Amino acid sequence: MSQERAGDGEPAGEVYDWYMRAVEMLEGGNPQAAAELLTHARARVPESASVLEALARASFDARRFGEAASLFADLADNSPDNDYAHFGLGLSRMRLGDHAGAIDQLAMAAAMRPGRREYDQALREARATIRFRQQDAGSDA
């Protein structure tokens, strides 16, 4: 499988090849490169939930939280029963400082998939941050 670029500016290979290489890059700790490949894949197959989820995850891991939030929101809108989409959207909102918005999404993910430790932990963190900020604001008065 060649990784040279095709003449039209797209990566070599087919969309499935791009997706698989991107997943390997993501798992190997290279989210920026994975996001680049997945952006090409999404342009070709915008209806693919797998590509969208991987692109959202790559964007999050590349610390592009605004982009990740938008992509996870698209995924949650297209697949409202996708607990991971709500989890990713919640985490992205937390990183953007929107803890109230994060709580809504994280609570939904935790309700959809009870017992997922990472879902419960993220929800506890978001709620604790809100409580801390409320207490801190009260002590300033």
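Residues numbered from 1 in each chain as written. Predicted model: local features only at pLDDT ≥ 70, side-chain atom pairs only at ≥ 80, totals over all residues. Heavy atoms only, no water.

Colleague: I keep staring at the packing of helix H5 (residues 83-95) against helix H6 (residues 99-112) and nothing clicks. Help me out?
Modeller: Packed helix pairs are characterised by how far apart their axes lie and by the angle those axes make with each other. The interhelical angle for the contact between H5 and H6, taken along N-to-C directions, is 155°, at an axis separation of 8 Å. When the axis of H5 is compared with that of H6, the two are roughly antiparallel. Once H5 is placed against H6, the crossing between them reads as left-handed. Between H5 and H6, the contacting residues are Asp-83, His-86, Phe-87, Leu-89, Gly-90, Leu-91, Arg-93 and Met-94 on the first element and His-99, Gly-101, Ala-102, Gln-105, Leu-106, Met-108, Ala-109 and Met-112 on the second. Here the contact of H5 with H6 is built from residues that sort into 9 nonpolar, 5 polar and 2 charged. (Axes fitted to C-alpha atoms, helices over the stretch in contact; angles between N-to-C directions. Helix = DSSP H or I, 4+ residues; strand = E, 2+ residues; numbered from the N terminus. Parallel < 35°, antiparallel > 145°, perpendicular 65-115°, else oblique. Left-handed = near helix turned anticlockwise from the far one by under 90°. Contact = heavy atoms within 4.5 Å. Nonpolar A, V, L, I, M, F, W, Y, C, P; charged D, E, K, R; others polar.)

Colleague: What exactly am I supposed to notice about helix H4 (residues 65-78) here?
Modeller: Since one α-helical turn is 3.6 residues long, residues separated by three or four positions face the same way. With 14 residues, H4 extends 20 Å between its outermost C-alpha atoms, agreeing within 8% with the 20 Å of an ideal straight helix rising 1.5 Å per residue. Phe-65, Ala-68, Ala-69, Leu-71, Phe-72, Ala-73, Leu-75 and Ala-76 are the residues of H4 that are buried. (Expected span 1.5 Å × (residues − 1). Buried < 20%, exposed > 50% of the residue type's maximum accessible area, 1.4 Å probe, protein only.)

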